[in-house]
Amino acid sequence: MMLPFYEVLNIGDYFLNLYSHFSILIKYCTKHIKMAKVLTSRSENYSQWYNDLVIKADLAENSAVRGCMVIKPYGYAIWEKIQAELDRMFKETDHVNAYFPLFIPKSFFSREAQHVEGFAKECAVVTHYRLMKDEENGGLKVDPSAKLEEELVVRPTSETIIWNTYKNWIHSYRDLPILINQWANVVRWEMRTRLFLRTAEFLWQEGHTAHETSEEAVEETLKILGIYSTFAEEFLAIPVLKGLKTDSEKFAGALDTYCIEALMQDGKALQAGTSHFLGQNFAKAFDVKYASREGREEYVWATSWGVSTRLMGALVMAHSDDNGLVLPPKLAPQQVVIIPIYKTPEEYAATRERAHAIKDSLKKLGVSVKVDDRDTQKPGWKFAEYELKGVPLRLAIGPRDMQNGTIEIARRDTLTKEVIAQDQLTTVIPALLDEIQRTIYNKAFKFRAENTFNVDTWDEFLVQIEKGGFISAHWDGDAATEKMIQDETKATIRCIPLDSVAEAGLCVRTGKPSVRRVIFARSY
RNA sequence: CGGGGUAUAGCGCAGUCCGGUAGCGCACCUGGUUUGGGACCAGGGGGUCGCAGGUUCGAAUCCUGCUACCCCGACCA
């Protein structure tokens, strides 16, 4: 998608040169696009905007099953791109994929006390394995004679089944480390659900690693956090804070939970990924020991980490606007769409042929292109449609362009369009895609910077939390204070940023001494 | 699990108060004119009115009971 040599050039300068070049070659004018409104606007009702958008951009819809969504082809294509890149990053760091069962014996959950407490309230349980004809109404009913000996829990996460398995795999330090990831679905029976952000069933990857030492496990935990943040920033184009969760926010069963936190356009925070240092909790619960180099028997050290289809929600809420989705080029199922414009059959044939020729030349550069040459929809309809779906670049080629050797090129991120020479496309498009990826990120970065506030008094805190954004404030480190703040403002501590500097101060709520600032926000 | 709302064509809705041939917009089908920002004209197809009972000569409409979904809270990634 990007030409390799761009990476070794100063991209900004290169791009400027390209542009000054064009302005000599061709006449172009930048126009702003105006569009019919099909979405609720963000200012009118942000959550309605989100719901509208997910449905209208064809990402997903609600299913016949309460709380469970159907991810539609266009949405799934984005998820596949997310998967492909993360999978590549995991494998590059020596992780391998495997698959563990969907069903977990109920007794496994009781082994780790913290863990069970965290998930018990939202587990789906399989109790029977057979249906039978219901004589009363002609339908089907559960066969009471087919009750399972031990009930099975539909996995809300797989630590227990995996550590029960690792017990058989690990005997010696020579068996370590184990660096396994699985792509799977999990079920958490949520009360209130929203497409992608919180659904009863969702897709994710969960990594589960086993190590000889605490240090090695911590290193793994942070390595993954780094992968997540790199992925978020370079692919999702969302700047994230890397940080540590407080005790009350951490994963049930972990010693430390690290996270990446992103800020959405409505000023609410969204946790986009987590990486846990599990210590020896699961090794002890499932009796996973190894013979060390010194011949001693030791418990194994563990990590687990995951990102889910929730990232899709983050992607939508971070960048999109009142006209629809805005997708970063690196994750867009189609980076470019070409729309032929014509009146006569001859013009149709000619523009269509040229469109396909352009597509072929761009495909050779690794750009994904779709030609929409359907005769059943009008150009205006198509323009609106691809804007709604967030296609980064749109090319329109009509009779005038055929004569002049030009083409109209419209950017989704800035909603601007201009006319350039066709023979420049293979140079301009890759550079523009790269530029769009960067612009989207920069916009999100600027938004976060403008919505992150240092707050030192409680009055100020109360005012600012209503406005939204990240609040950087001192906290005395007491869970009771954290709870009090949450009860009073609905704000939680999103994380203790890893790059936070030691700074003496007074807790924003209690006035007790504090050694560093933490990030507060209302969150999804 | 509390509080509120909704259920009528694929989608969005009106009709319900005051019972009497089930409607509108979009979408869909056919033909024509159109096509550089969601085209227009003409014709056409499509609904056991969420489900189950009840009242009535007659129920989308009145009564009873279910169910599902949405929104706001409590809980969570």
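Residues numbered from 1 in each chain as written. Chains lettered and ligands numbered in written order. Predicted model: local features only at pLDDT ≥ 70, side-chain atom pairs only at ≥ 80, totals over all residues. Heavy atoms only, no water.

S.K.: Explain the packing of aromatic side chains here, please?
M.R.: We describe a pair of aromatic rings using the distance from one ring centre to the other and the angle between the two ring planes. In total, this model carries 17 aromatic pairs according to the counting rule given. Between Trp458 and Phe461, the aromatic rings sit 4.9 Å apart at their centres with planes inclined by 20 degrees, giving stacked as the arrangement. Taken together, the residues Trp458 and Phe461, both in helix H14 (residues 458-467) and three residues apart, mark about one turn of the helix. Of the two residues examined, Trp458 and Phe461, each falls in the buried class. Look at Phe461 and Phe520: their rings are 5.1 Å apart centre to centre, the planes differ by 85 degrees, and that puts the pair in the edge-to-face class. (Phe/Tyr/Trp six-rings, centres within 6.5 Å; stacked < 30°, edge-to-face > 60°. Helix = DSSP H or I, 4+ residues; strand = E, 2+ residues; numbered from the N terminus. Buried < 20%, exposed > 50% of the residue type's maximum accessible area, 1.4 Å probe, protein only.)

S.K.: What is the right way to read the sheet that holds strand E6 (residues 125-128) from this model?
M.R.: Pairing between sheet strands relies on hydrogen bonds along the backbone, with the strands arranged either parallel or antiparallel. The three strands are arranged E5-E9-E6 in an open sheet whose pairing can be described as antiparallel. Where the open sheet ends on each side, the last strands, each with one partner, are strand E5 (103-105) and E6. Between one strand axis and the next, the sheet turns by 40 degrees as a mean value, whatever way the strands run. For E5 and strand E9 (residues 147-154), the ladder comprises three bridges, and the chain directions are antiparallel. Its bridge partner lying in E9, Pro105 is registered against Leu152. (Pairing = 2+ DSSP bridges. Axes fitted to C-alpha atoms, helices over the stretch in contact; angles between N-to-C directions.)

S.K.: Please explain the confidence of the model for chain A as it appears in this structure.
M.R.: Close inspection of predicted coordinates is inappropriate in any region flagged by low pLDDT. Counting all residues, the mean pLDDT for chain A is 90, and 92% of those residues have values of 70 or more. Here residues 1-30 is a poorly scored stretch, pLDDT under 50, and it has 46 contacts once near neighbours within four places are set aside; other chains count. (pLDDT = per-residue confidence, 0-100. Contact = heavy atoms within 4.5 Å.)

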